[in-house]
Number of protein chains: 8
Amino acid sequence: MDAARLRSLLEDVARGAVSAHDAAEALRGLPYEDLGFARVDHHRALRQGVPEVVLGEPKTVDQIVAIAQAIVARGDNLLVTRVAADKARDVCARVPGARYDEASRIVSLELAPPQARGGRVAVVTAGTSDIPVAEEAAEVLRLTGHEVVRRYDCGVAGLHRLLDQREVLASSDVVIAIAGMEGALPSVVGGLVACPVIAVPTSVGYGAHLGGLAPLMTMLTTCSAGVLVVNIDNGFGAAMAAARILRLKG
Amino acid sequence: MDAARLRSLLEDVARGAVSAHDAAEALRGLPYEDLGFARVDHHRALRQGVPEVVLGEPKTVDQIVAIAQAIVARGDNLLVTRVAADKARDVCARVPGARYDEASRIVSLELAPPQARGGRVAVVTAGTSDIPVAEEAAEVLRLTGHEVVRRYDCGVAGLHRLLDQREVLASSDVVIAIAGMEGALPSVVGGLVACPVIAVPTSVGYGAHLGGLAPLMTMLTTCSAGVLVVNIDNGFGAAMAAARILRLKG
Amino acid sequence: MDAARLRSLLEDVARGAVSAHDAAEALRGLPYEDLGFARVDHHRALRQGVPEVVLGEPKTVDQIVAIAQAIVARGDNLLVTRVAADKARDVCARVPGARYDEASRIVSLELAPPQARGGRVAVVTAGTSDIPVAEEAAEVLRLTGHEVVRRYDCGVAGLHRLLDQREVLASSDVVIAIAGMEGALPSVVGGLVACPVIAVPTSVGYGAHLGGLAPLMTMLTTCSAGVLVVNIDNGFGAAMAAARILRLKG
Amino acid sequence: MDAARLRSLLEDVARGAVSAHDAAEALRGLPYEDLGFARVDHHRALRQGVPEVVLGEPKTVDQIVAIAQAIVARGDNLLVTRVAADKARDVCARVPGARYDEASRIVSLELAPPQARGGRVAVVTAGTSDIPVAEEAAEVLRLTGHEVVRRYDCGVAGLHRLLDQREVLASSDVVIAIAGMEGALPSVVGGLVACPVIAVPTSVGYGAHLGGLAPLMTMLTTCSAGVLVVNIDNGFGAAMAAARILRLKG
Amino acid sequence: MDAARLRSLLEDVARGAVSAHDAAEALRGLPYEDLGFARVDHHRALRQGVPEVVLGEPKTVDQIVAIAQAIVARGDNLLVTRVAADKARDVCARVPGARYDEASRIVSLELAPPQARGGRVAVVTAGTSDIPVAEEAAEVLRLTGHEVVRRYDCGVAGLHRLLDQREVLASSDVVIAIAGMEGALPSVVGGLVACPVIAVPTSVGYGAHLGGLAPLMTMLTTCSAGVLVVNIDNGFGAAMAAARILRLKG
Amino acid sequence: MDAARLRSLLEDVARGAVSAHDAAEALRGLPYEDLGFARVDHHRALRQGVPEVVLGEPKTVDQIVAIAQAIVARGDNLLVTRVAADKARDVCARVPGARYDEASRIVSLELAPPQARGGRVAVVTAGTSDIPVAEEAAEVLRLTGHEVVRRYDCGVAGLHRLLDQREVLASSDVVIAIAGMEGALPSVVGGLVACPVIAVPTSVGYGAHLGGLAPLMTMLTTCSAGVLVVNIDNGFGAAMAAARILRLKG
Amino acid sequence: MDAARLRSLLEDVARGAVSAHDAAEALRGLPYEDLGFARVDHHRALRQGVPEVVLGEPKTVDQIVAIAQAIVARGDNLLVTRVAADKARDVCARVPGARYDEASRIVSLELAPPQARGGRVAVVTAGTSDIPVAEEAAEVLRLTGHEVVRRYDCGVAGLHRLLDQREVLASSDVVIAIAGMEGALPSVVGGLVACPVIAVPTSVGYGAHLGGLAPLMTMLTTCSAGVLVVNIDNGFGAAMAAARILRLKG
Amino acid sequence: MDAARLRSLLEDVARGAVSAHDAAEALRGLPYEDLGFARVDHHRALRQGVPEVVLGEPKTVDQIVAIAQAIVARGDNLLVTRVAADKARDVCARVPGARYDEASRIVSLELAPPQARGGRVAVVTAGTSDIPVAEEAAEVLRLTGHEVVRRYDCGVAGLHRLLDQREVLASSDVVIAIAGMEGALPSVVGGLVACPVIAVPTSVGYGAHLGGLAPLMTMLTTCSAGVLVVNIDNGFGAAMAAARILRLKG
């Protein structure tokens, strides 16, 4: 239930195409629907411009399916992140139409193609192993109607690999810079572009890397002014932040 | 040396108002000026839309003064952050025209009023003690030509203090949410608004607060999708990020 | 062996209904029974008002069974927490009458229904994934004779989900507020109610969440005065604390 | 402005003793008063049963004085915690009637003696050096109308020092157990009494003590079921929690 | 090859019972034997009074077997610690005479019964789950000829369980106090006895326990003067330290 | 009041040299004396063989003086550790006969020369800067009647400096090995001697040294079997542990 | 494509042995080849003297195979580190000629024997369990044309094991000193030799070892001047650093 | 006493220019001189090619002076690092000829100009505030006879500042790359040059920088193969390592 669909519904009521009763029924889930173990926030699309996204990792298959059904029943597109392959298989088997994208670990169901929104986001990674996080960001952006360009394996140890992407970066509205290991990529990117840079540390690394704390601290203490940071491996959060930013484009 | 001044200089050369020699002299500092102990990045304004800002805290008075003189000599506005009061006194005594704002700990010198840019930023704090960080953000924004509204002491323990600001928040283009203690403010703000939210943890607290690590971790692990984070007490970084974002407005 | 049963036993001896020899035998386990690898504290119910509860997680099936038999043999109700499903199956197979509650991971055996005690506890969670910890608390409270109301998935990112529960919270004697991710829920709850608030951080989260340290630090540094904290995922501890508090009700 | 004074004011209006205009004026500060840099929460006493307490440590003298004046102007008692001696001197000089208690580092001003409330709290420390935290708790409790008994230097290395206090502990409604070093005291106390135990770690110690993290972790991982924990050195928080608990008494 | 066996060998040579050649052969491994991947320290028994003990955990079965054969070939008793059950099975199958003690996770082979040494060690645990660490200590002590008394599940939450053991503790030469959770046991034991107390933190616990760091910090910061600490779960180290201490008994 | 003095007192009573009344008076402080803010444990000497030692660092001058007077009044020797120079001056001025040893930061008052006890302790340091911790250990040992040999600046980077002390180490009953920086000394010492080795990490170092955590972790994870560890900078604890160990000598 | 092969190619073009077209084709991959998910840096050998080495651990089999094929297709030797045994099997099955060395966990394919380079590297370990890291270093050095001598199990607890290697160490150009547990080996080695010492902490250990942080901190805070450190378990990095150093030999 | 002076002394003895007695006297300090509180390692120059350098920070003025006198008395150059300005003043006043370099915080006394050694070291910093650490490295290198080139303020946020130094870096034998904040500089430098790169993290930064842990972790987890790391702020260690490396040049 986003702003467009709400307006259209109310217009339908106004011109008699929908009865007050049916409209009430359609709006019954507002502001949220209580499933007992979950309160599905159908009105988030109205409030924040993006539908409720389900964090799949710590939930059981039963919980994901029940929430998915509630969302789909309201006519909203479904988006579940951080779903392991075997869990995804079970969910897709029980939610008709749902599909799993292994690269991004996302389960989605598009009742309607996402409404196109302005703005272009460059998703850049330092290494090959950071790609799953990048794909999570890219897929969430695609499913919320944004244009994405991908540039992978551009780490700073081979600077020319990054400098070759300068043009693409300069012509983007937002850059999401993703890096494991020491996480130096966003510092360099931040110095190359004037647009907002969202840094995403990843858990790719070992030893003093501490599961991503090393690149996280790197990004928080960057000498590049105005670089923004989200949690380790949080491709979803980076995409949501980019979506918030791109609303300013109009 | 920002884009407008560069264009104007080149037009002056084109129509003979400025000799090639003088233009060359004016541009001599590009891309940076080597002071031996520092390389002043005069061309950052061109590249990133904001002038080079000097981090005052770890520098000596001599270093700050020399860098300040180089910046002012190029005709740029001066902006030095995190300057202790006694150091600021010495710097201002030696850099004519420089002034110190105690609330934000900023030394600045405005050769020209900052060029007004679009967009409005709400700067919100959880407590009274977070104000110095907020003022750093607000003052940097003001000096780079942005409109700021301040709302202080709106912590979540007295929720009505925050909910009363809903209208101001909703009508801003970016919200900078600043909090020490447990740092819960940005999570709640992120749920209230659809615009970008920049979270700034502060070092206000004690014990398990660990100098700001507690609110930093709170903000990074927020359940509010799309909240962005900068380093502890980094009001400057939040302002720079907001400036990057507001460029999208046009 | 709680205070009521002890008194009744002594009265039986007084009026000749029980021989001194049999009473001595019944009391033989006081103050504790030495199983070699464990000392079962039968007299805890007398001392603290709650029976000894067994922490199942680090114990072998053999150990749990032997302790369970000693407790049941004394006529006390059995309560074993943090038992994995497969281990629970083995225990239940060997302790007649024991049952396993998968949601709370508790094995229990009620020889007699728990004696009803005054007071009502609201168990609130921020997310769906915090439910197992909530159920541990709720089930322990139920087994010790307390009334519980559950309110799940009320995280602060969708504030209305929490504000809708204000009435329930206000009419409870104790609130147990459970949250993973950034753990902001107890701060907000603490500002809404005047009764004791027990905050339980959970291990639900990833990255900078550090297995629950993030919400733990959040809760310890809360700006809500008088919020109390227990260990990560410690639903049992929260319930025990609530039981201690409710004894004041009389 | 607590519940009793509000009721009395409204009764005065009802029987004409106070004009509606004056009542309105008296209530003007509800729900909070905006000082620009602070929002004083006059209605906290109504909502939570205790007046707003000011955390003095990170605030300037100017800020403390202004907030104090606003509180006193509303007719409420003043309570400022964690005030260093020199700062306290300045505050007391500017807020007539305010007094400083060095042991607890509290500045207070009692317009009226605190309304006596039921319940007795035992404040116990492991060492002599934990006394300032204990005094903060005790003084806050006294100023909010509670009875306090102090037992200091009862650490577990000389167990008889603690066991001698068993009777006092057993006859209290709440025990606040305060310890630096390894912080083992609350574990032992929790095993001796049936009432609620609030554990307060202190920053007294060195080396692996890490500014209080050692006793904090000790208390969170206690084997004594139902022990509750607050932040390091947070005597105030322990007192507030005890006050919340004692409301259940009557 | 300990001091007694060396002396006896040299006496044999002196009185012609052993040829110089055979003695040389017997001593060939001194000071150590190079297996390529390991240097077996046969002369440790001479230098430190205890034979070389093999840390089994990070070694492969092949490595353990080869080292075991080298030790047995020299006529020394074998002692391998921290061996998982499946690995132990393979080792025992290939080293004739070796046996596995599941409780202590030790593989040993006693060519001769350990020479009895003076002194008695009390091994005390806080909980049932600390027993494997205790058994490692106890078994190592037994295999090096020391007398051990075990007292398990004496945690401080039920103080009488510990106080009942006072006599046993007081009559021991060394106490090894083992505890997971908050690890308060050694602090209390240290206050009860005058003999050396060796504290062993264990990894039994969860949440803020951090794999044993909580009890480790507790023990290091103990208020009981003269308590000594070894690494988490290091029952072997505690036993070796006790053996060093007991040499002073003569 | 140690065991010898107690026995002598009782013998005096037996043969009429001391009246029962006077004996009772002399024993009045047992088991401890309550000063209100401190409970002085006069009977520790009986229980543990060493007098109560006062940790001076976190106490005020008033507190130290009052405790000192209570101890001296009972006829016991006084020993206060970790006293800063200026605080020590004030204490000595108010406690007649007290003297301050700057090297060890100890205030002491010897009413009688300490009773000589058997055993010799070698106190070894890695560097010159570790000496204050070493002197604390050495002075405490001297004041409790033990023989000490000092060997300073024997760090492992110049191995010959340590190997030259092999004979001294081998002929000692206990070695206290003290090291800052990386703290490798006890590992090497532990391999050289068969007697108990007590490792003391110090706070001498910087950067990744983390105030002594680096050498602390080094010592806890040592590959030298049977090395024992105390808290960072805890020379006092090491001495107390050595005293406990040396009681075994007879 | 290293400097020698490039020079030879250009000479071939110069004397007509290779057509410009074929040379261009051979150089097509410069500066890197874009595989979409990876940018293979063929020109690293030119820039840094060593071929691109692939970090196998976080990559999928598909990714490793594709990168391997690109490298081999350019005529370069292949070197993939940190490959688990089962993954290695799949890679070798799909990349003809590739072989797996289990000890070092390296997959390699030598199209030509590595060009011999000057210099000798001693690889020394403290324990048997550190061997895999040592073998990674040794194998990488061998594959890049360097001479290696191995000395394993020379930990400082049995100092003679290390001192026996003094001659070998003294005659090497670089020493790589590898140690888990407390990691004291490089400190002692650094004091024995004048050549560069590269310290590698390993994850071998438990408890306070924290996955290698203990030896890492040990090595960083070493009292041996001029010891250099790489990440935990980073045998590859140590080898690469040694290769950089040995280039100075000429 | 380095190798050259030793050889010359022995030649003097051989040709009668120095009596055996005088030579013996000159060598008396070998292998070290015992000052009681310090063992001065005169023979380090022989063993490691560099004279003993004194870590001044944790030592008293008395200790520094005594050690300095011992070193100078042996005819060696003096080098004391990390000396605060006021302490340096006292030392210089008491050691004739000693001078203090404020930029590097080094006290030195050059009896003879350092013997020139081959090799050139580039010392590069990311920021102006890293200069003190850089100067420590540069001054130590100068005093041990090495050529140094300095390039300061070349951080990666303004990449052109670094890329401009490519030629200088490429023509150096060793690069010491020094950075605070996020410490990304060595990763980029490591990708640009083939020679050894020594990374030095500095304590310049705040918040999540944690006193230099952020750049330390960055450097340890670098994606640039073969970058070596020393402790935070350890300019001295970097210089010593460079000196070890440059010995390979011949």
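All residue numbers here refer to positions counted from 1 along the written sequence of the relevant chain. By the order in which they are written, chains take letters starting at A while ligands take numbers starting at 1. For a predicted model such as this one, the threshold for reporting local features is a pLDDT of at least 70, and the threshold for listing and counting side-chain atom pairs is 80 or more; totals across whole chains, interfaces and linings nevertheless cover every residue. The side-chain figures draw on all heavy atoms in the structure; neither hydrogens nor water molecules are used.

Draft legend 1. Spatial organisation of the relation of the copies chain D and chain C. C-alpha atoms of residues with pLDDT of at least 70 in both copies form the basis for the least-squares superposition of the copies. By a simple turn and slide, chain D fits onto chain C: the slide is 0.0 Å along the axis, the RMSD is 0.1 Å, and the turn is 180 degrees. Expressed as an axis order, the relation between the two copies is that of a two-fold axis. The residues that chain D uses at the interface reappear at the interface of chain C in 100% of cases, marking a shared surface. Pairs of residues are marked as contacts when any of their non-hydrogen atoms sit within 4.5 Å.

Draft legend 2. Geometry of the pattern of salt bridges. Counted as salt bridges are all cases of a side-chain nitrogen of Lys or Arg within 4 Å of a carboxyl oxygen of Asp or Glu. The final tally for this structure, using the stated rule, is 76 salt bridges over all chains. In this structure, the salt-bridge partner of Glu57 of chain H is Arg82 of chain H, at a minimum N-O distance of 3.0 Å. On the criterion of sequence distance, the pair formed by Glu57 of chain H in the loop between strand S3 (54-55) and helix H4 (61-73) and Arg82 of chain H in the loop between strand S4 (78-81) and helix H5 (85-94) is long-range, its members being 25 residues apart. When accessible area is computed with a 1.4 Å probe and restricted to protein chains, residues below 20% of their type maximum are described as buried, those above 50% as exposed, and intermediate ones as partly exposed. Accessibility expressed as a relative area gives 33% for Glu57 of chain H, which makes it partly exposed. Note on Arg82 of chain H: relative accessible area 8%, which makes it buried. It is possible to trace a salt-bridge network through shared partners that takes in Arg99, Glu110, Glu139 and Arg142 of chain A. Only runs of H or I of at least four residues qualify as helices and only runs of E of at least two qualify as strands under DSSP, and these elements are numbered from the N terminus.

Draft legend 3. Region of the structure containing the environment of Glu135 of chain H. Residue and element names in this part refer to chain H. Residue position: Glu135 is located in helix H6 (residues 131-143). Judged by its relative accessible area of 11%, Glu135 falls in the buried class. Each C-alpha atom of the pair Glu135 and Asp62 lies 26 Å from the other, and the pair is 73 residues apart in sequence. Beyond its immediate chain neighbours, meaning those up to four positions away, Glu135 contacts Ala103, Ser104, Arg150 and Tyr152.

Draft legend 4. How the structure looks around the sheet that holds strand S4 (residues 78-81) of chain B. All names here are of chain B. If you trace the four strands from one edge of the open sheet to the other, you get S3-S4-S6-S5, paired in mixed fashion. Of all the strands in the sheet, the pair left with one neighbour each is strand S3 (54-55) and strand S5 (99-101). Strand pairing is assigned whenever DSSP detects at least two bridges linking the two strands. Summarising the sheet, S3 and S4 pair through two bridges and their orientation is parallel. From the neighbouring strand, Leu55 faces S4, where its bridge partner is Thr81. Strands in contact with helix H5 (residues 85-94) are S5 and strand S6 (106-109); relative to S5, the strand with the most contacts, it is inclined by about 160 degrees. Angles shown run from 0 to 180 degrees and are taken between the N-to-C directions of axes, each axis being a line fitted to C-alpha atoms and, for helices, limited to the stretch in contact.

Draft legend 5. Broad picture of the relation of the copies chain B and chain H. Screw-axis analysis of chain B against chain H gives a translation of 0.1 Å along the axis, an RMSD of 0.1 Å, and a rotation angle of 90 degrees. Classification of the inter-copy transformation places it as that of a four-fold axis. Looking at the rotation axis and the C-alpha trace of chain B, the residue lying nearest is Leu210 of chain B, at 7.3 Å.

Draft legend 6. Focus on the domain arrangement of chain A. Residue and element names in this part refer to chain A. All domain edges in this entry derive from an automatic or database-based domain assignment. Splitting chain A by domain gives domain 1 (25-109) and domain 2 (120-249). Between domain 1 and domain 2, the C-alpha centre-to-centre distance is 26 Å. The interface of domain 1 with domain 2 comprises 13 residues on the first partner and 13 residues on the second. Interface area for domain 1 against domain 2, summed over the two sides, is near 1100 Å², with a carbon-plus-sulfur share of 65%. A salt bridge links Arg99 to Glu139; the nearest nitrogen and oxygen atoms lie 3.7 Å apart. Residues adjacent in sequence count toward polar contacts only when both atoms are side-chain atoms; beyond that, a polar contact is any pair of N or O atoms within 3.5 Å, and within protein one must be able to donate a hydrogen and the other to accept it. There are one residue pair in polar contact (both at pLDDT 80 or more) connecting domain 1 and domain 2. Simply put, the buried area is the total loss of 1.4 Å probe accessible area from both parts when two parts are fitted together.

Draft legend 7. Broad picture of the packing of aromatic side chains. In this scheme Phe, Tyr and Trp rings, the latter by its six-membered ring, pair at centre separations within 6.5 Å, and the angle between planes marks the pair as stacked below 30 degrees, edge-to-face above 60, and tilted otherwise. This model, assessed by the stated rule, comprises zero aromatic pairs over all chains. The ring of Tyr206 of chain C has Arg82 of chain A lying over it, and the distance from NZ or CZ to the ring centre is 3.6 Å. A positively charged side chain is recorded as over a ring if its NZ (Lys) or CZ (Arg) lies within 6 Å of the ring centre. The angle to the ring normal must also be within 35 degrees.

Draft legend 8. Expanded view of the layout of surface pockets. Every definition here rests on a 1 Å grid over the protein atoms only: cavities are sets of points where a 1.4 Å probe fits but cannot get out, pockets are open sets enclosed by protein on both sides within 12 Å along at least five of seven lines, and lining residues have some atom within 4 Å of a point. Grid points are joined across faces, edges and corners, and a volume is the space filled by probe spheres set on the points. Quantified by volume, the largest pocket comes out at close to 1800 Å³. In this structure, the largest pocket is lined by 48 residues; those nearest its centre are Leu213 of chain A, Leu213 of chain C, Leu213 of chain D together with Leu210 and Leu213 of chain E. Taken together, the elements giving at least two residues each to the lining of the largest pocket come down to helix H10 (213-220) of chain A, helix H10 (213-220) of chain B, helix H10 (213-220) of chain C, helix H10 (213-220) of chain D, helix H10 (213-220) of chain E, helix H10 (213-220) of chain F, helix H10 (213-220) of chain G together with helix H10 (213-220) of chain H.

Draft legend 9. Representation of the interface of chain B and chain H in the model. Contact with chain B, which involves 24 residues of that partner, is made by 19 residues of chain H. Taking both sides of the interface into account, the surface hidden between chain B and chain H amounts to around 1600 Å²; carbon and sulfur atoms contribute 53%. Counting the contacts that link chain B with chain H gives zero salt bridges. One can count seven residue pairs in polar contact (both at pLDDT 80 or more) joining chain B with chain H. Residue assignment for the side of chain B that touches chain H shows that the elements contributing at least two residues are helix H3 (44-48) and H10 of chain B. Element by element, the count of residues in the side of chain B that touches chain H is highest for H3 of chain B, at three residues. Considering only residue class, the side of chain B that touches chain H consists of nine nonpolar, six polar and nine charged. Residue polarity is assigned by list, with Asp, Glu, Lys and Arg as charged and Ala, Val, Leu, Ile, Met, Phe, Trp, Tyr, Cys and Pro as nonpolar; anything else, Gly included, falls into the polar class.

Draft legend 10. Representation of the interface of chain D and chain C. Tallying the contact residues gives 32 residues for chain D and 32 residues for chain C. Between chain D and chain C, roughly 2700 Å² of surface is buried when both sides are summed, and carbon and sulfur atoms account for 60% of that area. The largest per-residue losses of area from chain D upon contact with chain C belong to Leu220, Arg244 and Leu248 of chain D, which jointly make up 27% of the total buried on that side. Counting every contact that joins chain D to chain C gives zero salt bridges. Elements represented by at least two residues in the side of chain D that touches chain C include exactly helix H3 (44-48), helix H9 (185-192), strand S10 (197-201), H10, strand S11 (227-229) and helix H11 (235-246) of chain D. With seven residues, H11 of chain D is the single largest residue contributor to the side of chain D that touches chain C. Grouping the constituent residues of the side of chain D that touches chain C by class yields 20 nonpolar, seven polar and five charged.

Draft legend 11. Structural view of the packing of helix H4 (residues 61-73) of chain D against helix H5 (residues 85-94) of chain D. Residue and element names in this part refer to chain D. Their axes nearest at 10 Å, the elements H4 and H5 cross at an angle of 40 degrees. On the basis of the axis angle, H4 is oblique to H5. For the pair H4 and H5, the crossing hand works out as right-handed. Two secondary-structure elements touch here, H4 through Val61, Asp62, Ile64, Val65 and Gln69 and H5 through Lys87, Asp90, Val91 and Arg94. Of the residues assigned to the contact of H4 with H5, the class counts are four nonpolar, one polar and four charged. For classification, angles of less than 35 degrees are called roughly parallel, those exceeding 145 degrees roughly antiparallel, those between 65 and 115 degrees roughly perpendicular, and all remaining angles oblique. For any pair of crossing helices, the crossing counts as left-handed if the nearer helix is rotated counterclockwise from the farther one by less than a right angle, and right-handed if it is rotated clockwise.

Draft legend 12. The arrangement of the side chain of Glu182 of chain E in detail. As for its position among the elements, Glu182 of chain E is in the loop between strand S9 (174-179) and helix H9 (185-192). As used throughout, the charge tally considers Lys and Arg to be positive and Asp and Glu to be negative, leaving His and the chain termini uncounted. Look at Glu182 of chain E: it is buried, it has no salt bridge, and the nearest opposite charge is Arg161 of chain E at 10 Å. One polar contact links the side chain of Glu182 of chain E to the main-chain amide nitrogen of Cys223 of chain D, over a distance of 3.1 Å. Excluding anything up to four places from it in sequence, Glu182 of chain E contacts Ser187, Thr218, Thr221, Thr222 and Cys223 of chain D together with Val156, Pro215 and Thr218 of chain E.

Draft legend 13. Up close: the state of the cysteines. Here, a disulfide means two cysteine sulfur atoms that sit within 2.5 Å of each other. Scanning all chains against the criterion turns up zero disulfides over all chains. With no disulfide of its own, Cys223 of chain H lies 12 Å from the sulfur of Cys154 of chain A, the closest cysteine sulfur. Relative accessible area serves as the criterion here: at 29%, Cys223 of chain H is assigned to the partly exposed category.

Draft legend 14. Up close: the environment of Ala88 of chain D. Residue and element names in this part refer to chain D. Positionally, Ala88 belongs in helix H5. Taking relative accessible area as the criterion, Ala88 reaches 0% and is therefore assigned buried. If sequence neighbours within four positions are ignored, Ala88 has contacts with Val83, Tyr100 and Val107.

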